Amino acid sequence: MTDGPSYGFDTLQIHAGARPDPATGARQVPIYQSTAYVFRDADHAAALFNLQEVGYIYSRLTNPTVAALQERIATLEGGVGAVCCSSGHAAQIMALFPLMGPGKNIVASTRLYGGTVTQFSQTIKRFGWSATFVDFDDVEAVKAAIDDDTRAIFGEAIANPGGYIMDVRAIADVADAAGIPLIIDNTSATPFLCRPIELGATLVVHSTTKYLTGNGTVTGGCVVDSGKFDWAANDKFPSMSQPEPAYHGLKFAETFGPLAFTFHGIAIGLRDLGMTMNPQAAHYTLMGIETLSLRMERHVENAEKIANWLEADDRVTHVTYAGLKSSPYFKRIKDVCPKGAGALFTFGVKGGYDACIKLIDSLEIFSHVANLGDTRSLIIHSASTTHRQLTEDQQRAAGAAPEVVRVSIGTEDADDLIADLDQALSKATS
Ligand SMILES: *Cc1c(COP(=O)(O)O)cnc(C)c1O
């Protein structure tokens, strides 16, 4: 099918990027388990290597199964192109790589996935990059943190682990005024709940490991480009605007226009960093995305029921779910994620740390794992696991204090999940 803008989300999540296989008519996207692709002749090979023609050379750069997934995610996010890679963390490096250089920095939210806080506060230093962490609810502080070397702003639409909602529009305005891109990690929201590009984001990154795949089978990541950023408007982004020596002086922004970032991601990022998604992983994620809207509706419905039940229970100290009327983030739902606040939140148990541990060990349906966005309900004590590398101050700022647990509510029967929480809370607080 042609992916006209007139098709709805439920149609696009099944059809975008997929067409019957030209060789066999196979209706499902085949797993093209091939490392290399035969050139028609020497001229064809040369044109592909010069980026004068788009096609397949070698699966570190491009693969037809992965390409179908890239087109599907780009379509669902309203972007012009996307590059898939091996994990969500790889996607973050892939997004920053063309923008950054030694001495350059990003301004990042304090409320991020724990692994991202570690990647940004420790690991990127080895590239000579740095991150300044700011509370994104304080827009003036975000503005004040930007300096001449800032090359991007980074935040999560719905922030893991607390389920806090970022005012994407307000931060996008700050990025625009500074002439730098806003990168949104849309993993916890998915394009069904939140469309960051419509709210002003330049790039969207995903851990496709989570809701997009949806069943806890494969790791993967994706960088989606809005195609709206003018990389040549100033001299801040030489990788995009200046001649590229590895391609005989080609300028990505000039040659590829709105697709510059996507082409750079494949022709430089995947070629040289090699964080490639394999076609098997792309297959599982394509399967998962077909039911994304159906799952997200149930995830949200269950999360609302369970958060309300927990909030009314006197064994529970507090619940952070933004879908609760008591949440300071409730008023942002209408603008940022009109179909619901996701299915990820934390709650505190009376008895603190010890009660949290006992609760986790007493649950029967909930799985104690370091993952989210599975059809299965999951629980974890973030402070001792996913946010363990952080200081206690960083943990509290991220919403992962020692006395709270994080849940990722699945698509099981809500009544069964409530009964499970009920029996485990009794054991934890007795
Ligand atoms: C899991 C996750 C990541 C990292 O993704 P991986 O696929 O595990 O590398 C990044 N951001 C968020 C919000 C996540 O939940």
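What counts, and where the lines are drawn
Residues numbered from 1 in each chain as written. Predicted model: local features only at pLDDT ≥ 70, side-chain atom pairs only at ≥ 80, totals over all residues. Heavy atoms only, no water. Helix = DSSP H or I, 4+ residues; strand = E, 2+ residues; numbered from the N terminus. Buried < 20%, exposed > 50% of the residue type's maximum accessible area, 1.4 Å probe, protein only. Contact = heavy atoms within 4.5 Å. Salt bridge = Lys/Arg side-chain N within 4 Å of Asp/Glu carboxyl O. Pairing = 2+ DSSP bridges. Near = heavy atom within 4 Å. Polar contact = N/O pair within 3.5 Å; in protein donor to acceptor, adjacent residues only side chain to side chain. Areas by Shrake-Rupley, 256 points an atom, 1.4 Å probe, with all protein chains shown as cover. Axes fitted to C-alpha atoms, helices over the stretch in contact; angles between N-to-C directions. Core = buried A, V, L, I, M, F, W, Y, C linked by side-chain atoms within 4.5 Å. Phe/Tyr/Trp six-rings, centres within 6.5 Å; stacked < 30°, edge-to-face > 60°. Arc of directions from axis to C-beta. Left-handed = near helix turned anticlockwise from the far one by under 90°. Nonpolar A, V, L, I, M, F, W, Y, C, P; charged D, E, K, R; others polar.

1. Observations regarding the overall build of the chain
- From N to C terminus, the chain includes 17 helices and 14 strands.
- Each of the three principal axes of the chain carries a C-alpha extent, and together these read 75 × 55 × 35 Å.
- In the chain, buried positions account for 57% of the 430 residues.
- In the chain, the proportion of contacts linking residues at least 24 apart, taken out of those at least 6 apart, comes to 71%.

2. As for the environment of Val 316
- Relative to the assigned elements, Val 316 resides in strand β10 (residues 316–319).
- Using a relative accessible area of 8% as the deciding quantity, one classes Val 316 as buried.
- Along the chain, Val 316 and Val 349 lie 33 residues apart, while their C-alpha atoms are 4.7 Å from each other.

3. Brief notes about the environment of Gly 88
- Along the polypeptide, Gly 88 turns up in helix α4 (residues 88–96).
- On the accessibility criterion, Gly 88 (10% relative accessible area) is buried.
- Separated by 120 residues in the primary sequence, Gly 88 and Thr 208 have C-alpha atoms spaced 6.7 Å apart.
- Ignoring anything within four residues of it in the chain, the contact list for Gly 88 reads His 206, Ser 207, Gly 220 and Gly 221.

4. Describing the pattern of salt bridges
- Tallied over the full model, the rule gives 17 salt bridges.
- The salt bridge partner of Arg 396 is Glu 392, with a shortest N-O separation of 2.8 Å. Of this pair, Arg 396 and Glu 392 both sit in helix α16 (residues 392–398), four residues apart, which is roughly one turn of the helix.
- Residue classification places Arg 396 among the partly exposed positions, given a relative accessible area of 40%.
- Close ionic contact of Glu 403 with Arg 396 constitutes a salt bridge, the shortest N to O distance being 2.9 Å.
- Each member of the salt-bridge network shares a partner with another, and the members are Arg 111, Asp 135, Asp 137 and Arg 332.

5. Topic: the pairing of strand β1 (residues 81–85)
- Counting buried positions over the five residues of β1 gives five, a clear majority of the element.
- Every second residue of β1 is oriented toward a common face, with Gly 81, Val 83 and Cys 85 on one face and Ala 82 and Cys 84 on the other, all of them buried.
- Bridge analysis of β1 against strand β9 (residues 221–225) gives five bridges, and the strand direction is antiparallel. Along β9, the bridge assignment pairs Cys 85 with Gly 221.

6. Describing the site of the ligand
- Inspection of the region around the ligand gives 15 residues, with Gly 88, Asp 185, Ser 207, Thr 209 and Lys 210 positioned closest.
- In this structure, an oxygen atom belonging to the ligand sits 3.5 Å away from a side-chain N or O atom of Ser 87.
- His 89 places a main-chain nitrogen or oxygen 2.9 Å from an oxygen atom of the ligand.
- When isolated, the ligand has an accessible area of 380 Å², and the protein chains bury 92% of it.

7. Observations concerning the sheet that holds strand β2 (residues 105–109)
- Strand order in the open sheet formed by seven strands is β1-β9-β8-β7-β4-β2-β3, and the pairing between neighbours is mixed. The two strands at the open ends of the sheet, each matched to only one other strand, are β1 and β3 (130–134). When strand polarity is set aside, the average angle formed by the axes of neighbouring strands in this sheet is 20°.
- Sheet topology places β2 next to β3; five bridges connect them, and they run parallel.

8. What about the nonpolar core?
- Grouped together as the largest cluster of nonpolar side chains are 135 residues, with contacts concentrated most on Ile 153, Leu 182, Phe 252, Phe 345, Phe 347 and Leu 359.
- Ignoring sequence-local partners within four residues, the contact set of Leu 182 consists of Ile 153, Met 166, Val 168, Ile 171, Ala 172, Ala 175, Ala 201, Thr 202 and Leu 203.

9. Side note on the packing of aromatic side chains
- Summed over all chains, the structure comprises 14 aromatic pairs.
- Look at Tyr 164 and Tyr 329: their rings are 5.3 Å apart centre to centre, the planes differ by 55°, and that puts the pair in the tilted class. Here Tyr 164, found in strand β6 (residues 164–165), pairs with Tyr 329, found in the loop between β10 and α14 (333–336); they are 165 residues apart in sequence, far enough to count as distant. Tyr 329 matches Tyr 164 in its accessibility class, with the two residues each being buried.
- Between the aromatic rings of Phe 252 and Phe 256, the centroid separation amounts to 5.7 Å while the plane-to-plane angle is 35°, which identifies the pairing as tilted.

10. Points about helix α15 (residues 352–362)
- Listing the buried residues of α15 in full gives Gly 352, Ala 355, Cys 356, Leu 359, Ile 360 and Ser 362. Looking straight down α15, one finds its buried side chains confined to an arc of 165°; they lie on one side. Set apart from the buried face of α15 by more than 90 degrees, the exposed residues are Asp 354 and Asp 361.
- The inward-facing, buried residues of α15 abut β11 (344–349), β12 (367–368), β13 (378–380), β14 (404–408) and α17 (414–429).

11. Points about the packing of α4 against helix α11 (residues 260–273)
- At their nearest, the axes of α4 and α11 sit 10 Å apart, and the two run at 115° to each other. The handedness of the crossing between α4 and α11 comes out as right-handed. Here α4 contributes Ile 93, Met 94 and Ala 95 to the contact with α11, which in turn contributes Phe 261, Gly 265, Gly 269, Leu 270 and Leu 273.
- For the contact of α4 with α11, a count of residues per class yields six nonpolar, two polar and no charged.

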